[in-house]
Protein chains: 2
Amino acid sequence: MKIAFIGSGNVATNIAFALKAAGHQMVQVFNHRLQGALELAEQLGCEATATLSELTHQADCYIISVKDDVIEALAGQLQLNDKLVVHTAGSVSMEVLQKASNYYGVLYPLQTFSKQRLLDFSTIPFFVEASDDESLATIEQLAKSISNAVTRTNFEQRKMLHLSAVFACNFVNHLYDLSEGLLKEHNLSFEALKPLILETALKVQSVNPHDGQTGPARRNDQEVMTKHLQLLSNNQSLQYIYQLLSDSIVKSFHK
Amino acid sequence: MKIAFIGSGNVATNIAFALKAAGHQMVQVFNHRLQGALELAEQLGCEATATLSELTHQADCYIISVKDDVIEALAGQLQLNDKLVVHTAGSVSMEVLQKASNYYGVLYPLQTFSKQRLLDFSTIPFFVEASDDESLATIEQLAKSISNAVTRTNFEQRKMLHLSAVFACNFVNHLYDLSEGLLKEHNLSFEALKPLILETALKVQSVNPHDGQTGPARRNDQEVMTKHLQLLSNNQSLQYIYQLLSDSIVKSFHK
């Protein structure tokens, strides 16, 4: 398929490279900052533009990968009539694309992306939705050309997938960040935690997280938890987080 | 070295296999439940006992790997005089071993262990302490026979390492558990999150967690966060956790 990208951030960059590797033709990259569009377009070997009126008419599919809160406004400026338009967001309905085209849908990858890390797409779960059966079949086919884990979904399920990903990725990463801060305060290196972090994520690939839970709260070891809260006495915010997550673990095992 | 294990749980099992593979001689496994001692001893090809008075005198080093809150009481029942005695705990001082021997110390691996997963020890960080220079050299040598990441430490640092591991492992795993619960409630499979969980842990091996933070709170996207809290309206406990961790992320980037 001939593809145009609207947006050139982490998600767009990763999907664009995967689609190109799968044999699709990248036609154009739009970004309101020309420099961003140029960077990705150059790597893909296609045109770049920062002007919506210059958007190509040659693509079969337009992939909108911009911040959630600007998708609707951007779609309102597009007049793509009968071209297929999709977005890649977890928490935005597909109907916001109605203004842009009669054929629209969602191509939602459940993964965290960064430009520096181009991922193997074969195992990345994609969730697809569309305005009509034909568009759905096309989006599904596009997703299956890069991933072995494509599932038809609906907006209610997609919202829950996105919310669960906030817990399992964004909040998890913040805990990594907080633990690094704790170590730095005591002149200790975050390096020491890296094997533990990796093993915790590896273990849950084969062991149910509830069964694999360890630590003082799992054992309801009040003595250690009290000592930990004392160690955090100069950081009320970390104390709250420690207390709340420990209570939640204790509750899930001991009540 | 000739080694005796007091305890036969996840930590003891993993360390015992690593030491045996490194050429050390396992002499005996003690557990107050004989079945537990037998299971590990059989795999190691050594004696098992559930009676402290039958504890071997033939070992050079006794490794105590039992729950934190029983180490001191157990050490009080041992009379190992001039034998080296160590424990493997993150939050227990080495002085609780004074009653057991004149030579004691700590061999603390910063990792999460389960009997089902025997890990590669070469990259596991070990933190060592001892009552005296000679014991320290011996414990360090023992640790270096299985790991390339051995560091001398003190109790203050070890406590902070253990506390940071609670954030980066135990709390992280609980977030995995909560996200699985969320998905299950909506007939969605935890399988969908596994690539995301792995990538989040892999990314932080090379990208600082603060720099790698993504998600609605990172962007201070109040609209998405409000929608997420509404999705959790039937689960006050998850709402609190969502709110507290989101506030913490927003604070660390936007204040």
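The structure displayed is predicted, hence computed values, not measured ones.

**Student:** What am I meant to see in the overall build of chain A here?
**Tutor:** When you go through chain A residue by residue, the secondary structure sums to 8 helices and 8 strands. The principal-axis extents of the C-alpha atoms in chain A amount to approximately 65 × 40 × 30 Å. Burial status across chain A gives 56% buried among its 255 residues. Considering only intrachain contacts with a sequence separation of at least 6, the fraction spanning at least 24 residues in chain A is 51%. A total of about 10,700 Å² of accessible surface is found on chain A, and carbon and sulfur atoms cover 45% of it. For chain A, the distance from the average position of its 20 positive side-chain charges to the average position of its 26 negative side-chain charges is 5 Å.

**Student:** Would you mind going over the side chain of serine 101 of chain B with me for this structure?
**Tutor:** Residues and elements named next belong to chain B. Looking at where serine 101 falls in the secondary structure, it is placed in strand β6 (residues 101-109). A distance of 2.8 Å separates a polar atom in the side chain of serine 101 from the backbone oxygen of asparagine 81. Setting aside residues up to four positions removed in sequence, serine 101 forms contacts with Leu80, Asn81, Asp82, Lys83 and Val85.

**Student:** Is there a simple way to think about the nonpolar core in this case?
**Tutor:** Most often, soluble globular proteins have nonpolar side chains that are buried together. Phe167, Leu175 and Tyr176 of chain A together with Phe167, Leu175 and Tyr176 of chain B are the most contacted members of the largest nonpolar core, which totals 114 residues. Apart from residues lying up to four places away in sequence, leucine 175 of chain B is in contact with Phe167, Phe171, Val172, Leu175 and Leu245 of chain A together with Ile241 and Leu245 of chain B.

**Student:** How should the interface of chain B and chain A be read in this particular structure?
**Tutor:** In many analyses, interface size is given as the accessible surface area lost on bringing the parts together. Listed per partner, the contact involves 84 residues of chain B and 84 residues of chain A. Regarding the contact of chain B and chain A, the summed buried area is about 8,400 Å², with carbon and sulfur atoms giving 68% of it. The tally of links between chain B and chain A comes to 2 salt bridges. With its nearest N and O atoms 2.8 Å apart, the salt bridge here joins glutamate 199 of chain A to arginine 117 of chain B. In this structure, the connection of chain B to chain A is made through 30 residue pairs in polar contact (both at pLDDT 80 or more). Broken down by secondary-structure element, the contributors of at least two residues to the side of chain B that touches chain A are α3 (68-76), β7 (125-130), α5 (155-185), α6 (194-203), α7 (222-231) and α8 (236-254) of chain B. Among the elements that take part in the side of chain B that touches chain A, α5 of chain B stands out by supplying 25 residues, more than any other. Of the residues contributing to the side of chain B that touches chain A, the split by class is 43 nonpolar, 27 polar and 14 charged.

**Student:** Teacher, can you tell me more about the domain arrangement of chain A here?
**Tutor:** Residues and elements named next belong to chain A. When cut into domains, chain A gives domain 1 (2-153) and domain 2 (159-254). Just the C-alpha atoms count here: the centres of domain 1 and domain 2 sit 35 Å apart. Facing the 6 residues of domain 1 at the interface are 5 residues of domain 2. Approximately 490 Å² of surface area, both sides summed, lies buried where domain 1 meets domain 2, with 70% of it carried by carbon and sulfur atoms. When the buried area of domain 1 at its contact with domain 2 is split by residue, Ser91, Tyr108 and Leu110 rank highest and sum to 56% of it. Here domain 1 and domain 2 share 0 salt bridges between them.

**Student:** Explain the UniProt feature "domain: Pyrroline-5-carboxylate reductase catalytic N-terminal" (unreviewed entry) in chain A to me, please; I cannot follow it from the model alone.
**Tutor:** Annotation from UniProt places "domain: Pyrroline-5-carboxylate reductase catalytic N-terminal" (unreviewed entry) at residues 2-88 of chain A. Across residues 2-88 of chain A one finds 37% helix and 29% strand; the C-alpha atoms that close the span lie 17 Å apart.

**Student:** Sorry, what's going on with the packing of aromatic side chains here?
**Tutor:** The way to describe two aromatic rings as a pair is by their centre distance and the angle between their planes. All names here are of chain B. The tally for this structure, following the rule as stated, stands at 10 aromatic pairs over all chains. Taken together, a centroid distance of 5.6 Å and an interplanar angle of 20° make the contact between phenylalanine 113 and phenylalanine 121 stacked. Considered together, phenylalanine 113 and phenylalanine 121 belong to a single accessibility category, that of buried residues. Taking 6.0 Å as the distance between ring centres and 35° as the angle between the ring planes, the aromatic pair formed by phenylalanine 121 and phenylalanine 126 counts as tilted. Comparing phenylalanine 121 with phenylalanine 126, the two get one shared label, buried.

Parameters at a glance
- Residues numbered from 1 in each chain as written.
- Chains lettered and ligands numbered in written order.
- Predicted model: local features only at pLDDT ≥ 70, side-chain atom pairs only at ≥ 80, totals over all residues.
- Heavy atoms only, no water.
- Helix = DSSP H or I, 4+ residues; strand = E, 2+ residues; numbered from the N terminus.
- Buried < 20%, exposed > 50% of the residue type's maximum accessible area, 1.4 Å probe, protein only.
- Contact = heavy atoms within 4.5 Å.
- Areas by Shrake-Rupley, 256 points an atom, 1.4 Å probe, with all protein chains shown as cover.
- Lys, Arg positive; Asp, Glu negative; His and termini not counted.
- Charge placed at Lys NZ, Arg CZ, Asp CG, Glu CD.
- Polar contact = N/O pair within 3.5 Å; in protein donor to acceptor, adjacent residues only side chain to side chain.
- Core = buried A, V, L, I, M, F, W, Y, C linked by side-chain atoms within 4.5 Å.
- Buried area = accessible area lost by both parts, 1.4 Å probe.
- Salt bridge = Lys/Arg side-chain N within 4 Å of Asp/Glu carboxyl O.
- Nonpolar A, V, L, I, M, F, W, Y, C, P; charged D, E, K, R; others polar.
- Domains from an automatic or database assignment.
- UniProt positions renumbered as here; feature names shortened; annotations may be inferred.
- Phe/Tyr/Trp six-rings, centres within 6.5 Å; stacked < 30°, edge-to-face > 60°.

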